[in-house]
Amino acid sequence: MSTLPDGAEAPVPQEGAPTTTVPAVVPTAVDVPSGLPAAVPTPEPGDPRLARLSLNQATVKYWSLTQAVDGCLRAGVPAIGVWREPVAEMGLAQAARLLRRSGLRVSSHCRAGFLTAPDRASALEDNRRAVDEAAELGAPCLVMVLGGMPEGERDLVGIRERAADALAELVPYAAERGVRLALEALHPMFCADRAVLSTLGQALDLAERFDAAAVGVVVDAYHVWWDPQVWEQIARAGAGGRIASFQACDWELPIPADALLGRGMVGDGHADVGALRRAVDAAGYDGDIEVEIFNKRVWEADGDDVIATVARRHVQHVL
């Protein structure tokens, strides 16, 4: 409120006279997709806490590979997990050149598998193409989701064995090209349609039929957090040198109509992702920590805001 007498004018500052500067208001960062104020500052590029962080491209699904690479570089995220579809859209050779020029590590290539399909020859042909892509991109592992149960079949054990036989055909091809196959167990609710491997123990049972350098496993927090044997299975995987990838995300409720889209930002759900990270580290894993989130609200958010939230949650809840 003004305290000047009626009719008086405020004095005009003389040239060179000191003026009062109002400090700029820096807006508080907001987490995606919760819309809540961030609990910790966003790490700057070069922050050593980001050294192992990798952005799986599925987390920014609506971005092209170029946009995802640029987003990682802006945020100081040093690694990226790539997907076959965006790579194919750009072209394999061009995608490989982009990734090499960027200086980003490629933490994984996603995804192959689905070896339970009735047409085994076609499935193996597609998987060989995926192996060739991983080799060209310089990915240390090719993530394998084994496949679900073909329509009308109910012999779960037999389907697993059939997929194991197909995998045995693929392993020498991948090994010759220096690509490690990484078997990913999915939560049991996906057993019928996506993955007849439902626990880390089952994935290890299959992986251990082959040399550890050729076949490893993915420890995905979303899929294994619930398993009462997960801790001993992580130790088992580490002892055998089998951990090829660690993926971080959270288990949110309610489960959406499309259950595949129920992954949340770390810290928004029920999984103790930090404890899982400590367990894989204790088991000898020192590779990238790849954040892979399938979530419609995350996909529809601004990609840079998504990556900033990923980085904040990484230092807050994963490390």
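Calculation rules
Counting restarts for each chain: residues are numbered from 1 in the order of the written sequence. pLDDT decides what is reported in this predicted model: residues at 70 or higher carry local features, side-chain atom pairs at 80 or more are listed and counted, and totals for whole chains, interfaces and linings draw on all residues regardless. Think of the side-chain values as coming from all heavy atoms in the structure, minus any hydrogens and water. Counting from the N terminus, the helices are DSSP H or I runs at least four residues long and the strands are E runs at least two residues long. Burial status follows relative accessibility: with a 1.4 Å probe on protein chains alone, a residue under 20% of its type maximum counts as buried, one over 50% as exposed, and anything between as partly exposed. Only heavy atoms enter the contact rule, under which two residues are in contact if any of them lie within 4.5 Å. N or O atoms within 3.5 Å of each other form a polar contact, as long as, within protein, one can give a hydrogen and the other can take it, and as long as residues adjacent in sequence are counted only when both atoms are side-chain atoms. Site definitions follow a grid-based scheme: protein atoms alone, a 1 Å grid, a 1.4 Å probe that fits but cannot get out for cavities, and for pockets an open set with protein on both sides within 12 Å along at least five of seven lines, plus lining residues having an atom within 4 Å of a point. Grid points are joined across faces, edges and corners, and a volume is the space filled by probe spheres set on the points. Just so you know the grouping, Ala, Val, Leu, Ile, Met, Phe, Trp, Tyr, Cys and Pro go in nonpolar, Asp, Glu, Lys and Arg go in charged, and all remaining residues, Gly too, go in polar. UniProt positions are given in the numbering used here, feature names are shortened, and annotations may be inferred rather than shown by experiment. The criterion for an aromatic pair is that two Phe, Tyr or Trp rings (for Trp, the six-membered ring) have centres within 6.5 Å, with stacked assigned to planes under 30 degrees apart, edge-to-face to planes over 60 apart and tilted to the rest. Charge-over-ring contacts are defined here by two conditions on Lys NZ or Arg CZ: a distance within 6 Å of the ring centre and an angle within 35 degrees of the ring normal.

The name that an unreviewed UniProt entry assigns to the protein is Sugar phosphate isomerase/epimerase, with the source organism given as Nocardiopsis sinuspersici.

Draft legend 1. Fine view of the environment of R162. Its location among the elements puts R162 in helix α5 (residues 156-176). According to the relative accessible area criterion, R162 is partly exposed, its value standing at 31%. Considering only alpha carbons, one finds R162 and A38, 124 residues apart in sequence, at a separation of 48 Å. Aside from chain neighbours lying at most four places away, what touches R162 is T116, R120, P150 and E153. Reaching out from R162, the side chain makes a polar contact with the side chain of E153 at a distance of 3.2 Å.

Draft legend 2. Region of interest: the layout of surface pockets. Size it by volume and the largest pocket reaches roughly 290 Å³. As for the largest pocket, its lining consists of 16 residues, of which A58, K61, W83, E85 and P86 are closest to the centre. Ranked by residues supplied to the lining of the largest pocket, first place goes to helix α2 (residues 84-90) with three residues. Taken together, the residues that form the lining of the largest pocket break down as nine nonpolar, two polar and five charged.

Draft legend 3. Up close: the UniProt feature "domain: Xylose isomerase-like TIM barrel" (unreviewed entry) in the protein. When the UniProt feature table is mapped onto this chain, "domain: Xylose isomerase-like TIM barrel" (unreviewed entry) is found at residues 74-302. Taken end to end, residues 74-302 is 41% helix and 19% strand, and its first and last C-alpha atoms sit 14 Å apart.

Draft legend 4. Here's a closer look at empty space enclosed by the protein. Following the criterion strictly, the structure yields two cavities of 30 Å³ or more and no others. Roughly 150 Å³ of internal volume is contained in the largest cavity. Every residue lining the largest cavity is counted, 16 residues in all, and those nearest its centre are R111, L186, H223, R263 and F294. Elements represented by at least two residues in the lining of the largest cavity include exactly β3 (105-113), β4 (141-145) and α7 (221-224). Class assignment of the residues belonging to the lining of the largest cavity gives a composition of ten nonpolar, one polar and five charged.

Draft legend 5. How the structure looks around the packing of aromatic side chains. Using the criterion set out here, one finds five aromatic pairs in the structure. Here the aromatic rings of W225 and W251 are separated by 5.9 Å at their centres, their planes lie at 50°, and the arrangement is tilted. Of the two residues, W225 sits in the loop between α7 and α8 (230-239) while W251 sits in strand β8 (residues 250-251), which places them 26 residues apart along the sequence. Taking the relative accessible area as the measure of exposure, W251 reaches 7% and is therefore buried. Put simply, the rings of Y62, W83, F294 and W299 touch in pairs and so form one group of aromatic residues. Of note, K61 hangs over the ring of W299, and the distance from its end group to the ring centre comes to 5.2 Å. Against the face of Y173 rests R177, its NZ or CZ located 3.5 Å from the ring centre.

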